[in-house]
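Chains, contacts and geometry: an overview
Letter by letter, the chains look like this.
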Amino acid sequence: MPGILAIDQMPHPPFPQLQIASDQLTVQLYVPDARHGFYRGTRFDWSGVIAGIKYRGHRYYEPWFTKCDDTVYDFVDNGTDIIAGRQSAITGPAEEFPQPQGFATAKPGETFVKLGVGVLRRTSAAPYSCYESYEIVDPGTWLIRSTASSVEYTQEVSDARTGCGYVYRKVVSAPFGRPDLVIEHSLHNTGGVQITTEQYNHNFLTLDGASIGPDFVVTLPFEIRTPAQHGKLAALHRNQIHFVQALAPRDVVSLPIHGFGKVGDYDIRVDNRKTGVGVHAIGNRPMTKLALWSIRSVLSMEPFIDVSTSPGGRTDWTTTYTHVIAP
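The structure reproduced in this document is the subject of the present report. (Residues numbered from 1 in each chain as written. Predicted model: local features only at pLDDT ≥ 70, side-chain atom pairs only at ≥ 80, totals over all residues. Heavy atoms only, no water.)

The next thing to look at is the overall build of the chain. Along the chain, the regular secondary structure elements total zero helices and 26 strands. At 19 Å, the chain has a C-alpha radius of gyration in line with the 20 Å of a compact globule built from 327 residues. Here the chain, with 327 residues, has 54% of them falling under the buried criterion. Counting only contacts in the chain whose residues sit at least 6 apart along the sequence, the fraction spanning at least 24 positions is 64%. For the chain, the exposed area adds up to about 13900 Å²; of that, 51% sits on carbon and sulfur atoms. Taken as two groups, the 29 positive and 32 negative side-chain charges of the chain have centres that lie 2 Å from each other. (Helix = DSSP H or I, 4+ residues; strand = E, 2+ residues; numbered from the N terminus. Rg over C-alpha atoms; globule rule 2.2 N^0.38 Å. Buried < 20%, exposed > 50% of the residue type's maximum accessible area, 1.4 Å probe, protein only. Contact = heavy atoms within 4.5 Å. Areas by Shrake-Rupley, 256 points an atom, 1.4 Å probe, with all protein chains shown as cover. Lys, Arg positive; Asp, Glu negative; His and termini not counted. Charge placed at Lys NZ, Arg CZ, Asp CG, Glu CD.)

Moving on, we get to the pairing of strand β19 (residues 234–237). Pairing between β19 and strand β20 (residues 240–243): four bridges, direction antiparallel. Counted as the bridge partner of His237 is Gln240 from β20. With antiparallel pairing between neighbouring strands as the criterion, β19 and β20 make up a hairpin whose turn holds two residues, including Arg238 at a positive phi of roughly 55°. (Pairing = 2+ DSSP bridges.)

Now for the sheet that holds strand β12 (residues 135–138). With antiparallel pairing, the three strands of this open sheet are ordered in space as β10-β11-β12. Taken across any chain shown, the strands that pair with only one partner, and hence form the sheet edges, are β10 (111–114) and β12. On average, each strand axis in the sheet is inclined to that of its neighbour by 45°, with strand direction left out of account. (Axes fitted to C-alpha atoms, helices over the stretch in contact; angles between N-to-C directions.)

The strands making up a sheet associate through backbone hydrogen bonding, with each pair oriented either parallel or antiparallel. The four strands are arranged β2-β3-β4-β5 in an open sheet whose pairing can be described as antiparallel. Each edge of the open sheet is held by one strand with a lone partner, namely β2 (17–21) and β5 (58–60). Taking the axes of each pair of neighbouring strands and ignoring which way they run, one obtains an average angle of 20° across the sheet. Across three bridges, the pairing between strand β4 (residues 50–55) and β5 is antiparallel. Across the sheet, Tyr55 pairs through a bridge with His58, a residue of β5.

Let us now look at empty space enclosed by the protein. Applying the stated criterion to the full structure yields three cavities of 30 Å³ or more. In this model, the largest cavity occupies a volume close to 80 Å³. Tyr61, Asn203, Leu205, Ile268, Arg269, Val270, Val279, His280, Ala281, Leu299, Met301 and Tyr321 together form the lining of the largest cavity. Breaking the lining of the largest cavity down by element, the ones donating at least two residues are β22 (267–272), β23 (277–283) and β25 (298–306). Here the residues of the lining of the largest cavity sort into nine nonpolar, two polar and one charged. In this model, the second largest cavity occupies a volume close to 50 Å³. (1 Å grid on protein atoms, 1.4 Å probe; cavity = no way out; pocket = protein on both sides within 12 Å on 5 of 7 lines; lining within 4 Å. Points joined across faces, edges and corners; volume = space filled by probe spheres on them. Nonpolar A, V, L, I, M, F, W, Y, C, P; charged D, E, K, R; others polar.)

Another point: unusual backbone geometry. Unlike most non-glycine residues, Asn203 shows phi in positive territory, near 50°. Relative to the helices and strands, Asn203 resides in the loop between β17 (198–201) and β18 (216–219). Classification of Asn203 by relative accessible area gives buried; the value is 7%. The backbone of Asp208 sits at a positive phi, close to 55°, despite the residue not being glycine.

Moving on: the state of the cysteines. Under the defined criterion, the tally for this structure stands at zero disulfides. With no disulfide partner, Cys130 has as its closest neighbouring cysteine sulfur the one in Cys68, 17 Å distant. By relative accessible area, Cys130 is classed as buried at 17%. (Disulfide = S-S within 2.5 Å.)

Residue placement: Phe65 occurs in the loop between β5 and β6 (67–68). Look at Phe65 and you get buried, because its relative accessible area is 2%. Taking the C-alpha atoms as reference, Phe65 lies 9.9 Å from Gly85; in sequence the two are 20 residues apart.

This structure, assessed with the given rule, holds 23 aromatic pairs. Seen from their ring centres, Trp64 and Phe65 are 5.2 Å apart, and the 80° between their planes marks the pair as edge-to-face. Exposure class is identical for Trp64 and Phe65. Each is buried. With 5.6 Å between their ring centres and 85° between their planes, Phe75 and Trp293 make a pair best called edge-to-face. One end of the pair, Phe75, is in strand β7 (residues 75–77); the other, Trp293, is in strand β24 (residues 287–295), with 218 residues separating them in the sequence. A single burial state applies to Phe75 and to Trp293, both of which are buried. Positioned above the aromatic ring of Phe304 is the side chain of Lys289, whose terminal nitrogen or guanidinium carbon lies 4.6 Å from the ring centre. (Phe/Tyr/Trp six-rings, centres within 6.5 Å; stacked < 30°, edge-to-face > 60°. Lys NZ or Arg CZ within 6 Å of the ring centre and 35° of its normal.)

Purely spatial values, then, with no claim about function.
In C-alpha cells, the structure reads:
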C-alpha cells in the first residue's frame, strides 16, 4: 500500500520546477513530467501548476494539504492533517477541463482524451469520475520555453480512436511594473471532431497560511444568489460572501453562485481584512458557472467558461490575477 508522505518530508528539490519573477512577484512553478512531476494525476491540467507566489513579503497559493495518500478518494481532514488523494493534491490556480473527450463511446480498455493531461484508458463500465486514476496511455508532447519573467507550455495530443487532436498553449507571466500574474491560453483543435468542454479554475487560494474565517471576504460585481444552505458557516451580503465563524476541521462550505450574466462579471476578489492581503482575478470570457468551495486551509472560487472548439478552430482566453496588499 502506498505510504503517506508529508509535504515537508519530500526530498529537496522535490520535483522538477522553475521560477519566474518581475520586480514585484516571485512565482514558483512545477514542470509537467510524466515520471517525476509534482502532479501526475488525471484530473487537472498539468501545465502552469503554481507552487507558490511571493509578493512584498506575503505568501500566496502554498499547499492547502499537509500529506498525500493515493488511497484517499478526494481529501480527508482528520483534525490534525489534511490528506489529499492523487487527483486532488495540487496547488495554485489549478485548472481543469472537466469534460473528457470520447469517454462515452469508449469501451473498457479503449482510449479517451483529457485536455491538459493526454490520452487515457477507460478502466471499466463505470461513469467517468475525476477522482479515479486512469491509465495514461500517452501524455502527448510537452514543450516548455521560459524567460526570466514568463514560461510557455505547449502540449500536442492526437488520439486515433476518438479522432481528437489539439495543440494547447499556456503562457504564465509576471509583467514588470505590476503586481500581476497573467495566464494566457489557446486551444487549437487539430483533430477531426468537435472539442466540447468547459475549463474551470479551482483556485486553491491560501494567504500567508491563514485559516479561513471571519477575516475573509469574497466580493463580486453582481448581487449573489445561491440555492444552497449557507447560514451556519457563510452569509451573503448583496455582492459579498462573509464567513460567519472560523472553519473547524471537517467543515466544508460549498455554494453554487448565481447572478452573473456578462463578461464583466468574471471579476472575483478575495481579501483577508485583518492582514490586508488579497487577490483580484479577472477573466476575459463570460462564466458558465461559478462556485465557492472552502475548508479551513483554503478558499476556492471556481469560475467555469466554455472553450468548445470546432475542428480547425482556435479558442483563446486570459485570466489576470492582481495581488493586493492594503496600505
